[in-house]
Amino acid sequence: MDWQTLARALFGEAHRIRQDGDLLSGEAVIEETGEPLGIVGTTNHAPIGVALALAQARIVLDTIAKYPGRSILLLVDTQGQQLRRQDELLGINRAMAHLGCCIDLARRRGHRVIGLVYDQALSGGFITSGLIADACYAVPEAEIRVMRIPAMARVTKLPEGLLTELSKSNPVFAPGVGNYVAMGGVRSLWQGDLRACLIDALESAPTTDERARDGFARGGRRLAHRVIDEVLAA
Amino acid sequence: METLRYELRGSRPVKRVDPVLVGVVASGNLEVLIEAGVPGLCVFQIETSARGFGTIWEAVIRDFHERHDFAGTRVSIHDMGATPAVVSLRLEQAASSLAGDLR
Amino acid sequence: MSATSYAECSARQRLALLLDAGSFEEWLPPAMRVMSPHLAQLSVPCAFDDGIAIGRARLGGHEIFVAAQEGEFMGGGVGEVHGAKLTGLLMRALRDKPAAVLLLAESGGVRLHEANAGLIAVSEVMRAVLDVRAAGIPVVSLIGGSNGCFGGMGIVARCTDRIVMSETGRLSMSGPEVIEASHGVEEFDSKDRALVWRTTGGKHRFAAGDCDELVDDDVQAFRNAAIAAISRADASRPVVLDALEFEHAMLSDRLETAALAA
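Residues numbered from 1 in each chain as written. Chains lettered and ligands numbered in written order. Predicted model: local features only at pLDDT ≥ 70, side-chain atom pairs only at ≥ 80, totals over all residues.

1. What about the overall build of chain C?
Alright, step 1. Within chain C one finds ten helices and seven strands.
Alright, step 2. Computed over the C-alpha atoms, the radius of gyration of chain C is 18 Å, within 12% of the 18 Å expected from 2.2 N^0.38 for a compact globule of 262 residues.
Alright, step 3. Considering only C-alpha atoms, chain C reaches an extent of 55 × 50 × 40 Å along its principal axes.
Alright, step 4. Counting every position in chain C, which comprises 262 residues, the buried fraction comes to 60%. (Helix = DSSP H or I, 4+ residues; strand = E, 2+ residues; numbered from the N terminus. Rg over C-alpha atoms; globule rule 2.2 N^0.38 Å. Buried ≥ 20, exposed ≤ 12 C-beta atoms within 10 Å, placed from the backbone.)

2. Describing the sheet that holds strand β7 (residues 213-215) of chain C
Residues and elements named next belong to chain C.
Alright, step 1. In spatial order, the strands read β1-β2-β3-β4-β5-β6-β7; together these seven strands make up an open sheet with mixed pairing. Since the sheet does not close on itself, it has two edges, and those belong to β1 (25-27) and β7, each with one partner. Across this sheet, the average inter-strand angle for adjacent strands is 25°, counted without regard to direction.
Alright, step 2. In this sheet, strand β3 (residues 62-69) lies alongside strand β2 (residues 52-59) in antiparallel orientation, the contact comprising eight bridges. Across the sheet, the residue bridging to Ala 53 is Ala 68, located in β3. (Pairing = 2+ DSSP bridges. Axes fitted to C-alpha atoms, helices over the stretch in contact; angles between N-to-C directions.)

3. Things to note about the interface of chain A and chain C
Alright, step 1. Contact with chain A, which involves 63 residues of that partner, is made by 65 residues of chain C.
Alright, step 2. Mapped by element, the contributors of at least two residues to the side of chain A that touches chain C are α2 (50-66), α3 (85-89), α4 (92-108), α5 (149-156), α6 (160-167), α7 (177-182), α9 (211-218) and α10 (224-233) of chain A.
Alright, step 3. By residue number, the principal contributor to the side of chain A that touches chain C is α4(A), which donates 13 residues.
Alright, step 4. Along the lines of polarity and charge, the residues of the side of chain A that touches chain C split into 40 nonpolar, twelve polar and eleven charged. (Contact = placed C-beta atoms within 7 Å. Nonpolar A, V, L, I, M, F, W, Y, C, P; charged D, E, K, R; others polar.)

4. Some words on helix α1 (residues 11-18) of chain C
All names here are of chain C.
Alright, step 1. Listing the buried residues of α1 in full gives Ala 11, Arg 12, Arg 14, Leu 15 and Leu 18. One side of α1 holds all its buried residues, which, seen down the axis, span an arc of 160°.
Alright, step 2. Where α1 is buried, its residues meet β2, β3, β4 (100-104) and α9 (219-231). (Arc of directions from axis to C-beta.)

5. Let's talk about the nonpolar core
Alright, step 1. The biggest cluster of nonpolar side chains holds 191 residues, and the ones touching the most others in it are Leu116(A), Val101(C), Leu102(C), Val164(C) and Ala226(C).
Alright, step 2. Ranked by residue count, the leading element in this core is helix α4 (residues 115-134) of chain C, at twelve residues. (Core = buried A, V, L, I, M, F, W, Y, C linked by C-beta atoms within 7 Å.)

6. Here we look at the interface of chain B and chain C
Alright, step 1. Contact residues are listed per partner, giving 13 residues for chain B and twelve residues for chain C.
Alright, step 2. Looking at the side of chain B that touches chain C element by element, the count peaks at three residues for strand β4 (residues 30-36) of chain B.
Alright, step 3. Considering only residue class, the side of chain B that touches chain C consists of eight nonpolar, two polar and three charged.

7. Focus on the pairing of strand β3 (residues 20-23) of chain B
Alright, step 1. Pairing of β3(B) with β4(B), which is carried by four bridges, proceeds in the antiparallel orientation. Its bridge partner lying in β4(B), Val22(B) is registered against Val32(B).

8. Here we look at the pairing of β4(C)
All names here are of chain C.
Alright, step 1. Here β4 lies mainly inside the structure; five of its five residues are buried.
Alright, step 2. Of the two faces of β4, the one holding Ala 100, Leu 102 and Leu 104 and the one holding Val 101 and Leu 103 are both buried throughout.
Alright, step 3. Judged from the five bridges that link them, β3 and β4 form a sheet pairing that is parallel. Across the sheet, Ala 67 pairs through a bridge with Leu 103, a residue of β4.
Alright, step 4. For the crossover that starts at β3, traverses helix α3 (residues 80-96) and ends in the parallel β4, the hand is right-handed.
Alright, step 5. Judged from the four bridges that link them, β4 and strand β5 (residues 139-143) form a sheet pairing that is parallel. If you follow Leu 104 over to β5, its bridge partner there is Leu 142. (Right-handed = clockwise from strand over helix to strand, strands pointing away.)

9. Quick word on the packing of α3(C) against α4(C)
Residue and element names in this part refer to chain C.
Alright, step 1. Relative to each other, α3 and α4 sit at 15°, their axes nearing to 9 Å. By the angle between their axes, α3 is roughly parallel relative to α4. In this structure, α3 meets α4 at a crossing whose hand is left-handed. Contacts between α3 and α4 involve Glu 80, Gly 83, Ala 84, Leu 86, Thr 87, Leu 90, Met 91, Ala 93 and Leu 94 from the former and Ala 117, Gly 118, Ala 121, Val 122, Glu 124, Val 125, Ala 128, Val 129, Asp 131 and Val 132 from the latter.
Alright, step 2. Classifying every residue of the contact of α3 with α4 by side-chain character gives 13 nonpolar, three polar and three charged. (Parallel < 35°, antiparallel > 145°, perpendicular 65-115°, else oblique. Left-handed = near helix turned anticlockwise from the far one by under 90°.)

10. Comments concerning the sheet that holds strand β1 (residues 2-9) of chain B
All names here are of chain B.
Alright, step 1. What the five strands build is an open sheet, ordered β1-β5-β7-β4-β3; its pairing is mixed. Edge positions in the sheet fall to β1 and β3, since each has one partner strand and no second. Across the sheet, the mean angle separating the axes of adjacent strands is 10° when strand polarity is ignored.
Alright, step 2. For β4 and strand β7 (residues 73-79), the ladder comprises seven bridges, and the chain directions are antiparallel. Paired with Leu 33 across the bridge in β7 is Ser 76.
Alright, step 3. Strand contacts of helix α1 (residues 54-68): β1 and β5 (41-48), with the helix running at about 30° to β1, the strand carrying the most contacts.

Right, here's the structure in full:
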């Protein structure tokens with residue numbers, strides 16, 4: 001889904017979201033409630049490099065400073081981290097951690113932070129944005145994966161056929177938004193009335209990390225929750 | 001993966017109840033866990049990624065058991081293609097950790 | 001006293017030598033066989049502890065919680081169980097409030113064999129680390145294994161209060177091979193070891209300010225640095241707006257300087 005279509009579906013014409021290269025930023029108002037929303041994210045299947053991570057962090061920091069308590073919507077469309085030596089030299093992992101810490105601080109300061117994968121979320125691209133929000137959602141057409149199966153097979157030296165076959169019953173290996181929902185990584189899919197989905201998310205997204213519990217309840221990730229409990233009880 | 005199991009009668013009971021772990025599951029390496037088991041027996045259970053080496057495993061295991069004759073002991077192994085020499089080494093390392101605990 | 005190479009030790013050897021003697025009490029120990037069902041499905045050898053040992057111990061007399069990743073098992077990659085052990089440890093720290101949490105980090109990041117589970121797990125670890133920090137409990141990372149600390153675990157390390165590295169250690173996001181595969185050998189020659197360490201190794205990271213402490217490849221040196229890190233008055237560095245603005249300014253300057261130099 002392109003971001004303009006998404007924005008229109010969510011806010012009609014009442015938004016001031018702009019695109020600056022791969023960066024999305026701006027504000028919108030939820031018509032039903034009058035609630036203003038800060039928007040930050042990426043488009044063009046952006047590779048997340050130091051500059052883009054910092055640009056997003058800047059917007060989050062500005063929101064914390066200027067608009068106390070304002071909810072934030074993270075729009076995710078990324079091909080993963082930028083694969084350049086220069087970004088490694090400059091500390092891309094530090095910049096990404098910084099973005100994650102900014103989002104986490106916003107949450108702690110009472111800002112509701114909602115992640116939405118509206119197109120792609122590949123590899124580690126959204127690990128310090130969408131996945132560190134109060135909750136991460138996705139549209140049904142979104143592509144979420146760590147790696148495609150043929151590439152996975154090459155790197156792990158496992159038979160592609162085996163991975164494909166096991167994917168039918170185990171959501172752990174294969175790409176797919178449905179797998180991430182089953183595993184608790186994505187809270188739910190936004191379909192139909194997207195505006196209602198957004199309002200519901202702002203109202204009901206948890207402020208504690210419920211993903212292991214969700215993965216257990218949904219059957220897609222049956223061990224994490226139990227292991228966590230066992231450690232607590234050990 | 002191949003699973004091998006040997007149940008051997010032993011006559012030297014091991015007092016120690018705290019499990020012992022040596023080694024790491026990595027290419028050419030293995031981990032060995034020794035813990036309390038069935039009285040009178042030393043039970044060896046091996047899971048290995050290198051198939052078809054049952055005869056060699058049996059030889060290494062029997063050799064180890066001949067030396068130590070543990071009873072009431074369970075030896076569990078996760079192997080990733082270690083040579084017989086490395087397997088023996090890890091078994092001996094694990095056995096040394098038990099050495100002080102024989103009746 | 002002769003040095004014991006931290007890089008050459010296994011995770012458990014590091015714990016035995018680094019922590020106060022005999023003080024390590026392990027939770028979900030190997031004999032409990034809390035292992036990966038996904039690796040078993042793939043007929044890939046499992047480890048009794050899924051590649052990570054967690055528990056409680058004393059360090060210089062302080063009661064701490066500690067986790068040590070075994071870099072030789074699946075490259076230290078984080079899978080469902082491995083990640084949950086780490087998240088559980090951090091959540092327990094929130095409840096039991098030890099003096100500090102110590103992370104002996106050695107990992108390639110997400111365990112590819114458990115792709116989606118690994119990615120979500122790393123994210124859960126990140127959130128838990130920040131929860132622990134917000135409670136004023138210092139979280140310290142030690143990075144000195146030969147497999148380095150990459151991917152999602154590298155980001156986790158950068159979410160902790162303090163990082164101690166040796167020259168042998170590496171801290172980065174993507175491995176050189178991945179970068180080379182993506183953009184060619186001119187972009188990053190992964191076989192050029194000097195280049196790899198100049199980009200991601202402890203010495204460079206320390207010079208650039210991306211780790212707080214540089215020590216010799218010696219378990220005792222790591223121990224001393226860990227004790228110092230958790231004992232100092234500012235062991236816990238709260239994530240507050242001022243601190244993030246400072247960090248932001250520093251990273252922006254760095255980016256700008258690089259752009260001007262290019």
